[in-house]
Amino acid sequence: MIAYIVKRLGLALLVALAVSALAFFLIRLSGDVATAIAGEGARQEDLDIIRQTYGLDRPLVVQYLSWLWQTLRGDFGTSIYFKTDVSSLVLAKLPVTLLLGLTSLLFALVISIPLGVLAAVYSNSWIDRLALGVAVVGQALPNFFFALCLVMLFSITLRWLPVSGSSTWLHFVMPTIALGYYVAPAFMRLIRAGMIEVLSADYIRTARAKGLPARTVIFKHALRNAVVPVVALTAVQLGFLLGGSVVIETIFALDGLGYLAYQSITYKDFPVMQVIVLLLSVIYVLLTLASDIANAWLDPRIRVA
Amino acid sequence: MSLALSSPAAQPSRTARLLRRLRGQHAFLVGAGLLVLIALLAVFAPLLAPHDPYLQNLAQRTIPPVWYAKGSWVHPLGTDQLGRDYLSRLLYGARISLLIGVSVVIIAGLIGTTMGLLAGYFGGRMDMAMTFIVTTRLSLPVILVALAVVAMVGGSLWIVILVLGLLKWDRFAVVMRSATQQVRSQDYVAAARAAGASTAHIVLREVLPNIAPQLIVVATLEAASAILLEAALSFLGLGVQPPLPSWGLMISEAKAYMFFSFWLIAIPGSALALLIFAINLTGDGLRDVISPDGRG
């Protein structure tokens, strides 16, 4: 187990390093940062001053290494648009996005676990078809279109919910539904498939033959085993949610990391862009690391392989 | 002569058997039918569109579709905020979505399939390198990286295609790798090797044709995801640029008018959902036929 963790940790570190290089070079090589700050048609003297101020006249590799070193020490640099240091900016927005990610995940699980279980227990019944319908629609609807439909219904027609902002819990309702429904179909399909497989296993037949009530068999014996792969999917989907939060937070002007990312991209505020790409990637690396270790702990066969 | 040898009359070919099984799949038939219909509408858009999709007419702005009291058959789906015929824009928009889906899948498919073939066939160091590259790629949030790169380079249809193509090869690599690993140990690959065939010949002529079914399934589902991503990028203003009628861009431009003219959003939004629905049904149906035991 220790050997597996060490190996997995080494891979995570390497991936994090590669991701930091990509976050830096992808943005830097896509365009000239000095022109992006000064705007098209800026004078050469102004460009030179900008390059000097931000240290852009140094070789790119040197810039990367010094950026990496500062980032590792917790100094994320200064935002060009907001004129404040990036670390306090990011730290102020992170809780909103984490909260949104958590509520969306909960929303997704709350609809997909019961529907997935019922669809498996009563497979080919109307409830199975309802679950399939919910999943198929969820996969086909573009999340920004679904979000606008929610606004139309709950804000404009019914006037129940505020359109944009992030000051009260009411502001989180529509973003949660929009983002949660976006990831729910994957969970529902996995739980349904897992339950169908588990329900035909020998130990379930034994449990039934023992005369245990159906509820005990389904929830205590079957669901517990069907839920194991859901752990791994949760890590992947949380990464997905963080990416999706860029679109959803922008629509609802929810003041989190996703909205900040969108703003920094439109203002070409590259120090902020780099840090957010790096931060979201590292969160994903940590999540998959945690889920891999949890899975190895749950299922000893993985450790050997 | 070689043709006669490869498909003996007594036994129906693999393709024929697959086609027969597909015919029993109602969901696949509905999906594929819809997809063909949308593709035909896109191809024949110049013949079908009642008006020029770029022609502005400020005297006839936001006319509602024909099913509203103020609508008329002159503009069956109404006009947008610049007085352009919405049906014509919708038809031309289908071309953009399909072009994105097909082009992104070709670029991503080439990259991912090459990686998956090499990693799966050679294993060892090559496999470790690929696992590392795929893990790294999966850690990057696609939409955020695409937005940032498009913002720096400048948005256009071809930039979006290129960026998405260079980002979305991960599923191809993963699926092609495991499919190749399964095929590699088959007798016919060993036979080809024993017969002295070159590695390139074995990979391209023996392995690739046998993993083609899985490749088609991945390509179908990835096309849907690429179309959705383009729509999201264009919706955020960092994708396809005006005046092109990208469905995501149409929704974005209509946002300011949603209070009184929600149909300006509902029409391209539903078109997008319908297209993705059709592609997903087709892909799922293909997967069920090719690997009935689930994940392909």
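Definitions and limits used
- Residues numbered from 1 in each chain as written.
- Chains lettered and ligands numbered in written order.
- Predicted model: local features only at pLDDT ≥ 70, side-chain atom pairs only at ≥ 80, totals over all residues.
- Heavy atoms only, no water.
- UniProt positions renumbered as here; feature names shortened; annotations may be inferred.
- Helix = DSSP H or I, 4+ residues; strand = E, 2+ residues; numbered from the N terminus.
- Contact = heavy atoms within 4.5 Å.
- Areas by Shrake-Rupley, 256 points an atom, 1.4 Å probe, with all protein chains shown as cover.
- Lys, Arg positive; Asp, Glu negative; His and termini not counted.
- Charge placed at Lys NZ, Arg CZ, Asp CG, Glu CD.
- Axes fitted to C-alpha atoms, helices over the stretch in contact; angles between N-to-C directions.
- Parallel < 35°, antiparallel > 145°, perpendicular 65-115°, else oblique.
- Nonpolar A, V, L, I, M, F, W, Y, C, P; charged D, E, K, R; others polar.
- Salt bridge = Lys/Arg side-chain N within 4 Å of Asp/Glu carboxyl O.
- Buried < 20%, exposed > 50% of the residue type's maximum accessible area, 1.4 Å probe, protein only.
- Buried area = accessible area lost by both parts, 1.4 Å probe.
- Polar contact = N/O pair within 3.5 Å; in protein donor to acceptor, adjacent residues only side chain to side chain.

Chain B carries the name Peptide ABC transporter permease in an unreviewed UniProt entry, which gives Alsobacter soli as its organism. Recorded under Sequence similarities (unreviewed entry), the UniProt text for chain B is reproduced unchanged: "Belongs to the binding-protein-dependent transport system permease family." The heading Subcellular location (unreviewed entry) in the UniProt record of chain B holds the text "Cell membrane".

Named according to an unreviewed UniProt entry, chain A is ABC transporter permease originating from Alsobacter soli. UniProt annotates chain A under Subcellular location (unreviewed entry) with the comment "Cell membrane". Check the Sequence similarities (unreviewed entry) section of the UniProt entry for chain A; it says "Belongs to the binding-protein-dependent transport system permease family."

**Q** Explain the overall build of chain A to me, and be specific about the residues and the numbers.
**A** Counting secondary structure elements, chain A contains 14 helices and zero strands. Starting at the N terminus, the α and β elements of chain A follow one another as α-α-α-α-α-α-α-α-α-α-α-α-α-α. Across its three principal directions, the C-alpha atoms of chain A cover 85 × 60 × 30 Å. Intrachain contacts of chain A at a sequence separation of at least 6 include 72% that bridge at least 24 residues. Carbon and sulfur atoms provide 68% of the accessible area of chain A, an area that totals close to 14,900 Å². The centroid of the 22 positive side-chain charges in chain A is displaced by 16 Å from the centroid of its 16 negative side-chain charges.

**Q** Account for the UniProt feature "transmembrane region" (unreviewed entry) in chain B, naming residues and giving values.
**A** When the UniProt feature table is mapped onto this chain numbering, "transmembrane region" (unreviewed entry) sits at residues 25-49, 96-122, 142-167, 215-236 and 256-279 of chain B. For the annotated span residues 256-279 of chain B, helix accounts for 71% and strand for 0% of the residues, and the straight-line distance between the end C-alpha atoms is 30 Å.

**Q** Talk me through the packing of helix H5 (residues 86-122) of chain B against helix H12 (residues 247-254) of chain B; I want residue IDs and the actual numbers.
**A** Residues and elements named next belong to chain B. It is at 8 Å that the axes of H5 and H12 come closest, and there the two elements cross at 135 degrees. By the angle between their axes, H5 is oblique relative to H12. Contacts between H5 and H12 pair Tyr86, Arg89, Leu90, Gly93, Ala94 and Ser97 from the former with Trp247, Met250, Glu253 and Ala254 from the latter. When its residues are assigned to classes, the contact of H5 with H12 shows six nonpolar, two polar and two charged.

**Q** Report on the pattern of salt bridges, specifying residues and quantitative values.
**A** All names here are of chain B. Throughout the structure, instances matching the rule amount to 16 salt bridges over all chains. One salt bridge connects Asp80 with Arg89, and the closest N-O pair in it is separated by 3.6 Å. Here the two residues Asp80 and Arg89 agree in accessibility, since each one is buried. The structure contains a network of salt bridges with shared partners spanning Asp80, Arg84, Arg89 and Glu253.

**Q** Give a detailed account of the UniProt feature "transmembrane region" (unreviewed entry) in chain A, specifying residues and quantitative values.
**A** Residues and elements named next belong to chain A. This chain's UniProt record puts "transmembrane region" (unreviewed entry) on residues 98-123, 130-156, 168-187, 226-252 and 272-298. Annotated as residues 98-123, this span is 92% helix and 0% strand, and its ends, taken at the C-alpha atoms, are 36 Å apart. A helix fraction of 96% and a strand fraction of 0% characterise residues 226-252, whose end C-alpha atoms lie 35 Å from each other.

**Q** Which residues make up the interface of chain A and chain B, and what values go with them?
**A** Across the boundary between the two partners, chain A contributes 43 residues, which contact 39 residues of chain B. When chain A packs against chain B, the two sides together hide about 3,500 Å² of surface, and 84% of this comes from carbon and sulfur. Interface area lost by chain A to chain B is led by Phe144, Leu148 and Ile265 of chain A, which between them contribute 17%. For Arg189 of chain A, the salt bridge goes to Asp284 of chain B, with nearest N and O atoms at 3.4 Å. Counting across the chain A and chain B interface gives three residue pairs in polar contact (both at pLDDT 80 or more). Of all the secondary structure elements, the ones that give two or more residues to the side of chain A that touches chain B are helix H1 (2-30), helix H2 (33-38), helix H6 (126-140), helix H7 (143-157), helix H11 (228-252), helix H12 (257-266) and helix H13 (270-298) of chain A. Among the elements that line the side of chain A that touches chain B, the one with the most residues is H1 of chain A, at nine residues. Here the residues of the side of chain A that touches chain B sort into 33 nonpolar, seven polar and three charged.

**Q** Explain the UniProt feature "domain: ABC transmembrane type-1" (unreviewed entry) in chain B residue by residue, including any values.
**A** The sites that UniProt annotates as "domain: ABC transmembrane type-1" (unreviewed entry) are residues 94-283 of chain B. Structurally, residues 94-283 of chain B comprises 83% helix and 0% strand, and the distance from its first C-alpha atom to its last is 19 Å.

**Q** Let's hear about unusual backbone geometry: which residues, and what values?
**A** Pro242 of chain B connects to Pro243 of chain B through a cis peptide bond whose omega is 5 degrees. Following the sequence through the fold, Pro243 of chain B ends up in the loop between helix H11 (199-235) and H12. One non-glycine residue with positive phi stands out, namely Arg159 of chain A, at about 55 degrees. Tracing the backbone through its elements, the reader meets Arg159 of chain A in the loop between H7 and helix H8 (173-199). The phi dihedral of Thr62 of chain B is positive, around 40 degrees, even though this residue is not glycine. For Thr62 of chain B, the location among the structural elements is in the loop between helix H4 (45-48) and H5. On the basis of relative accessibility, which here comes to 27%, the residue Thr62 of chain B falls in the partly exposed class.

**Q** How would you sum up the environment of Ile161 of chain B? Please name residues and give values.
**A** All names here are of chain B. Its place among the elements puts Ile161 in helix H8 (residues 157-167). Linking Ile161 and Gly101, residues 60 residues apart in sequence, is a C-alpha distance of 8.6 Å. Residues in contact with Ile161, not counting those within four places in the same chain, are Leu99, Ile100, Ser103, Val104 and Ile107.

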